[in-house]
Amino acid sequence: MDVARRPLLTAVRLVLALLTLAAIGTQFAIQARLGLSVVNFFSYFTNLSNLFAAIIPGFGAFQLAAQRAPSASHDLLRTVAALNMAVVGIVFTALLRDVDLGSFLPWVNTVLHDIMPVAVVLEWFLYPPRTRLGARQLLLCQAFPLLYLAYVLLRGAITGWYPYPFLNPAVEGGYGNVSLYALGIAAVFFLVGWLLLRALAARRT
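The structure displayed is predicted, hence computed values, not measured ones.

1. A word on the packing of aromatic side chains
Throughout the structure, instances matching the rule amount to 11 aromatic pairs. Considering the side-chain rings of Tyr164 and Phe166, the 5.5 Å spacing of their centres and the 10° angle between planes classify their relative orientation as stacked. Grouping residues by exposure puts Tyr164 and Phe166 together as buried. Ring pairs connect the aromatic residues Tyr44, Trp161, Tyr164, Phe166 and Tyr181, which therefore count as one cluster.

The following block contains the structure:
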């Protein structure tokens with residue numbers, strides 16, 4: 001990377017990290033005051049993905065400040081963050097835009113569902129990973145959402161609480177319809193991941 005661009009990228013990553021942490025922290029404080037479950041709060045894919053997307057750029061900013069080259073592991077984690085945030089934006093727009101978000105503050109909602117998905121993907125594309133990413137990395141990127149889905153369905157079956165209505169069999173008329181949503185979202189993850197890697201490959205040619 002051009003040395004002259006390092007301060008800009010460092011600043012961008014720090015701003016994204018701090019903005020996201022401020023949004024999540026503010027909403028968490030509201031949830032705590034209302035006596036709502038901490039575990040439930042961190043069971044939303046949006047919150048987990050944004051938290052992950054804040055930590056990874058924040059770590060990357062410190063790497064740049066220390067003039068350390070990013071590792072292959074960090075490149076993969078950045079790609080996971082970009083994929084997760086892209087799907088957060090897509091799923092929110094397609095399925096949750098008109099859902100009542102309760103105590104969610106409007107500016108927090110805007111940061112987590114609108115600004116961060118665009119910013120993280122754009123930052124990943126403008127400052128692409130140095131590591132060559134292929135089919136193996138694409139499959140590894142699917143691990144996080146698959147583990148999350150298993151966790152939500154298992155915990156939901158035990159507690160009766162689900163973070164999203166389309167994953168709740170009581171709302172959707174059984175596990176059959178939930179499975180269709182799950183398969184559809186899994187397909188979105190794979191397709192978006194493939195498109196990101198194709199766009200990155202095209203940019204390098």
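2. Overview of the pattern of salt bridges
Inspection of the entire model under this criterion finds 2 salt bridges. Members of the salt-bridge network, linked through shared partners, are Arg13, Arg78 and Glu123.

3. Looking at the nonpolar core
Ranked by internal contacts, the top residues of the largest apolar core, which has 42 residues, are Leu83, Leu112, Met116, Trp124, Tyr164 and Phe166. The set of elements that each furnish at least two residues to this core consists of α1 (6-33), α3 (45-65), α4 (72-96), α5 (106-126), α6 (135-141), α7 (143-159) and α9 (175-204). The element best represented in this core is α4, accounting for 11 residues. In this structure Phe166 touches Val91, Leu95, Leu96, Glu172, Val178, Tyr181 and Ile185, once residues within four positions along its chain are discounted.

4. Here we look at the environment of Pro163
By the element assignment, Pro163 lies in the loop between α7 and α8 (169-172). Between the C-alpha atoms of Pro163 and Phe42, which are 121 residues apart in sequence, the distance is 9.6 Å. Not counting residues within four places of it along the chain, the set of residues in contact with Pro163 comprises Ser43, Tyr44, Tyr148 and Val152.

5. A word on the side chain of Gln31
Tracing the backbone through its elements, the reader meets Gln31 in helix α1. Of the residues examined, Gln31 reaches a relative accessible area of 13% and is grouped as buried. What Gln31 contacts, discounting residues up to four positions off in sequence, is Leu36, Phe41 and Ser103.

6. Digging into α7
Its 17 residues give α7 an end-to-end C-alpha distance of 24 Å, which sits within 8% of 24 Å, the value for a rise of 1.5 Å per residue. When α7 is considered as a whole, its buried residues turn out to be Pro145, Tyr148, Val152, Arg155 and Gly156. The arc that holds every buried residue of α7, seen down its axis, measures 105°, which confines them to one face. Exposed and facing more than 90 degrees away from the buried side of α7 are Leu146, Leu147, Leu154, Ala157 and Ile158. After α7 finishes, the residue Gly160 shows a positive phi value of roughly 85°.

7. Some details on the packing of α4 against α5
Across the interface, α4 lies against α5 with an axial gap of 8 Å and an inter-helix angle of 135°. For the element pair α4 / α5, the angle class is oblique. The crossing of α4 and α5 is left-handed. For the pair α4 and α5, contact is made by Arg78, Thr79, Ala81, Ala82, Met85, Ala86, Val88, Gly89 and Phe92 and by Asn109, Leu112, His113, Met116, Pro117, Val120, Val121, Glu123 and Trp124, respectively. Looking at the contact of α4 with α5 residue by residue, the class counts come to 12 nonpolar, 4 polar and 2 charged.

8. Observations regarding the confidence of the model for the protein chain
The share of residues in the protein chain with pLDDT of 70 or more is 89%, and the mean pLDDT across the chain is 85. Here α3 stands out as the element of the protein chain with the lowest mean pLDDT, 78, in contrast to α7, whose mean of 93 is the highest.

Rules and cut-offs
Residues numbered from 1 in each chain as written. Predicted model: local features only at pLDDT ≥ 70, side-chain atom pairs only at ≥ 80, totals over all residues. Heavy atoms only, no water. Phe/Tyr/Trp six-rings, centres within 6.5 Å; stacked < 30°, edge-to-face > 60°. Buried < 20%, exposed > 50% of the residue type's maximum accessible area, 1.4 Å probe, protein only. Salt bridge = Lys/Arg side-chain N within 4 Å of Asp/Glu carboxyl O. Core = buried A, V, L, I, M, F, W, Y, C linked by side-chain atoms within 4.5 Å. Helix = DSSP H or I, 4+ residues; strand = E, 2+ residues; numbered from the N terminus. Contact = heavy atoms within 4.5 Å. Expected span 1.5 Å × (residues − 1). Arc of directions from axis to C-beta. Axes fitted to C-alpha atoms, helices over the stretch in contact; angles between N-to-C directions. Parallel < 35°, antiparallel > 145°, perpendicular 65-115°, else oblique. Left-handed = near helix turned anticlockwise from the far one by under 90°. Nonpolar A, V, L, I, M, F, W, Y, C, P; charged D, E, K, R; others polar. pLDDT = per-residue confidence, 0-100.

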